[in-house]
Amino acid sequence: MAVLCFLILSLFSGWAASYQEGDNVTLYVNKVGPYHNPQETYHYYTLPVCRPDKVHHKSLSLGEVLDGDRMAESLYFIRFRKNEERKTLCKLTLSEKQVDELREAIEELYYFEFVLDDIPIWGFVGYIEESGFLPHSHKVKSETLDLVCSDCAVCLPPYLFISSCSPFLRQVGLWTHLDFNIEYNGDSVIFANVSVKDVKPFPLEEGAGAAVAGVGVGGGSLTVTHTYSVRWFESSMPSARRAERLRDYSFFPKTLEIHWLSIINSLVLVVLLLGFVIIILMRVLKNDFARYNVEEEGGCDDLDQGDNGWKIIHTDVFRFPPFKSLLCAVLGVGAQFLTLATAIIVMALLGMFNVHRHGAINSAAIVLYALTSCVSGYVSCSFYTQINGQRWVWNIILTSSLFSAPLFFTWSVVNSVHWWSGSTQALPATTVLLLLGAWVLVGFPLSVIGGIVGKNRAGSFQAPCRTRNIPRQIPPQPWYKHTVVHMAIGGFLPFSAISVELYYIFATVWGREHYTLYGILLCVFAILLSVGACISVALTYFLLSGEDYRWWWRSVLSTGSTGLFIFVYSVFYYRNRSSMSGLVQSSEFFGYSLLTALVFTLMLGSVSFWASLAFIRYIYRNLKMD
């Protein structure tokens, strides 16, 4: 219970503070990293920058730690509503190795993140300018070559051949002065950013053995003086709406916007698809009922065996499938994620995830995953009991580990890579123990409790027709009724309904923007579930019409294959829509993309199964049984 209380408290942290004029407003330094690799972050003090003699870290919430935050107090002294002009922060003497570290960071487009009153402040570590013919993506050591083309054996255009004859100059500069612009309203901080306008970068040469820009250098070292200015501006925006001010700020590229045209297009396609499937199915079923119910003699077990179609397999359609425990575990975990996703979206619509609460969604996901474990246990064990499952203890264990085991394995690999590289995304041991305690003390016990309740409250399966002991032989099926074809159709259509919104979600998760279009997300989520259920019903009908009663697993896999399409899209996004690179970023991207695909597979597989089961019960219940 203590673990759960801590998780819930960490979810509701991050409220704006109030200050009196002259009060100290603490500026925390957080992390740095390559601009194009959002998840590859390192502590700010890993760079040779101004730092206190003893570093004091801020107490962080669980969501902040999961987000890679490692906030520490800085040397910046900022007083509420007190301007400062070119105040000296510190004077550093950099060794040649430290200069090379800064040069490498600047060449990799490192940006930093500070935090002032829960407001993130971003800026670049330095400035880089290239002259010559090399594209920016090529990383070449900065050299000024005085050679001329006549000294070369072969002369080619510089953009086609790079040699000692290709003049190229890369100038790297360090921002040693920062201007902090802070907006306030009354006793609250509304917004803050950092600017380097009208500031010249401090040049960093390849070596540190010569004088630079008039600054004395000697003995292989370079002396740098860091300064800063603080300017306060009054704002009319109330503190309750300060999230809107941060949302409008554009240090990072803006990719999120209200895309009504795409949403309306998806809605029209979905309505047409649903209408088409429903009308066609209803007309076909009406003809089927009229034909099958001509015989008014006998019950469901005595229907004419000479007929063909879905009626003739009435004695086999409710034959329980193989791997019953695994099927029930998939249904249980899918129902859990369906509940979790709905709760996250509803909480977001209620305004519980504003941009100033670092990692609030991460904390909410952990809390809800632990609490909704009872849903997975209940659904899985209840249905397992209905289909005459005997090993209910094993079913609960399988349900509990169906997602948590792949999650732990993926996290272990990704976290090891982050730990090896020294990234702040590597979780501390205390956080690992906290998450493990949340699963052991909250998640797993709730799964067991839910399973026991589901087992005791499970009724009968309620099949409209009895199942014979000897299974009917399944006739050969045409190629378009094979599992792979159904998976391709059942996965592509739901994916096409969410493909537009999926780009914005990827830009948020693998970028630095905060997703705010939760109303649209709710519409797209409803569209996804509707299309998945409808397509599953249609594919199940086509399967039964071919006298194939193996619909149990087919209904799960048909729409559940949407997860495969999402993973393929993630590969496309990585290669064509992002600039991510490197082992650290790639391992995290593909590792968690696989988990995302698994979540969609479980969730949509569960929805499509229950839709198919309800449909099958409906059509066989409506067969005349006088």
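For the structure, see preceding data.
Residues numbered from 1 in each chain as written. Predicted model: local features only at pLDDT ≥ 70, side-chain atom pairs only at ≥ 80, totals over all residues. Heavy atoms only, no water.

Participant: Go over the state of the cysteines, please, and point to the residues and values.
Facilitator: One pass over the structure, following the stated rule, counts 1 disulfide. Here C50 connects covalently by a disulfide to C90, the sulfurs 1.7 Å from one another. An S-S torsion of about -70° defines the bridge between C50 and C90 as left-handed. You can see C50 sitting in the loop between β2 (42-43) and α2 (62-66) and its partner C90 sitting in strand β4 (residues 84-95), a full 40 residues away along the chain. C90 gets classed as buried once you look at its relative accessible area, which sits at 14%. Not part of a disulfide, C328 finds its nearest cysteine sulfur in C381, a span of 8.6 Å. (Disulfide = S-S within 2.5 Å. Helix = DSSP H or I, 4+ residues; strand = E, 2+ residues; numbered from the N terminus. Buried < 20%, exposed > 50% of the residue type's maximum accessible area, 1.4 Å probe, protein only.)

Participant: I'd love a proper account of the environment of K87, names of residues and values included.
Facilitator: Tracing the chain through its elements places K87 in strand β4. Ignoring any residue separated from it by four or fewer positions in sequence, one finds K87 in contact with F77, H226, T227 and Y228. (Contact = heavy atoms within 4.5 Å.)

Participant: Quick rundown of a negative patch on the surface? Include the residues and the values.
Facilitator: Taken together, the side chains of E96, D100, E101 and E104 make up a negatively charged region of the molecular surface. With respect to the helices and strands, E104 occurs in helix α3 (residues 96-107). Taking the relative accessible area as the measure of exposure, E104 reaches 44% and is therefore partly exposed. (Patch = residues over 30% accessible without salt bridge, like charges linked within 9 Å, V, L, I, M, F, W, Y side chains within 5 Å. Areas by Shrake-Rupley, 256 points an atom, 1.4 Å probe, with all protein chains shown as cover. Salt bridge = Lys/Arg side-chain N within 4 Å of Asp/Glu carboxyl O. Lys, Arg positive; Asp, Glu negative; His and termini not counted. Charge placed at Lys NZ, Arg CZ, Asp CG, Glu CD.)

Participant: I'd love a proper account of empty space enclosed by the protein, names of residues and values included.
Facilitator: Evaluation of the coordinates by the stated rule reveals 6 cavities of 30 Å³ or more. Y44, Y76, W175, L178 and H226 are the residues nearest the centre of the largest cavity, which is lined by 17 residues in total. At the level of secondary structure, the elements contributing two or more residues to the lining of the largest cavity comprise β5 (110-116), β9 (177-185) and β13 (221-234). Classifying every residue of the lining of the largest cavity by side-chain character gives 13 nonpolar, 4 polar and no charged. (1 Å grid on protein atoms, 1.4 Å probe; cavity = no way out; pocket = protein on both sides within 12 Å on 5 of 7 lines; lining within 4 Å. Points joined across faces, edges and corners; volume = space filled by probe spheres on them. Nonpolar A, V, L, I, M, F, W, Y, C, P; charged D, E, K, R; others polar.)

Participant: Please give an account of the packing of aromatic side chains that cites residues and values.
Facilitator: Applying the stated criterion across every chain, the model contains 52 aromatic pairs. Taken together, a centroid distance of 5.5 Å and an interplanar angle of 25° make the contact between Y19 and F80 stacked. In this pair, Y19 sits in the loop between α1 (2-11) and β1 (27-34) while F80 sits in the loop between β3 (72-73) and β4, placing the two residues 61 residues apart along the sequence. Grouping residues by exposure puts Y19 and F80 together as buried. Judged by centre distance (5.4 Å) and plane angle (85°), the rings of F320 and F461 are edge-to-face. Of this pair, F320 sits in the loop between α5 (260-292) and α6 (324-349) while F461 sits in the loop between α10 (429-457) and α11 (483-509), placing them 141 residues apart in sequence. By relative accessible area, F320 is classed as partly exposed at 28%. Seen from the ring of F461, R617 lies directly overhead, with NZ or CZ sitting 4.8 Å from the centre. (Phe/Tyr/Trp six-rings, centres within 6.5 Å; stacked < 30°, edge-to-face > 60°. Lys NZ or Arg CZ within 6 Å of the ring centre and 35° of its normal.)

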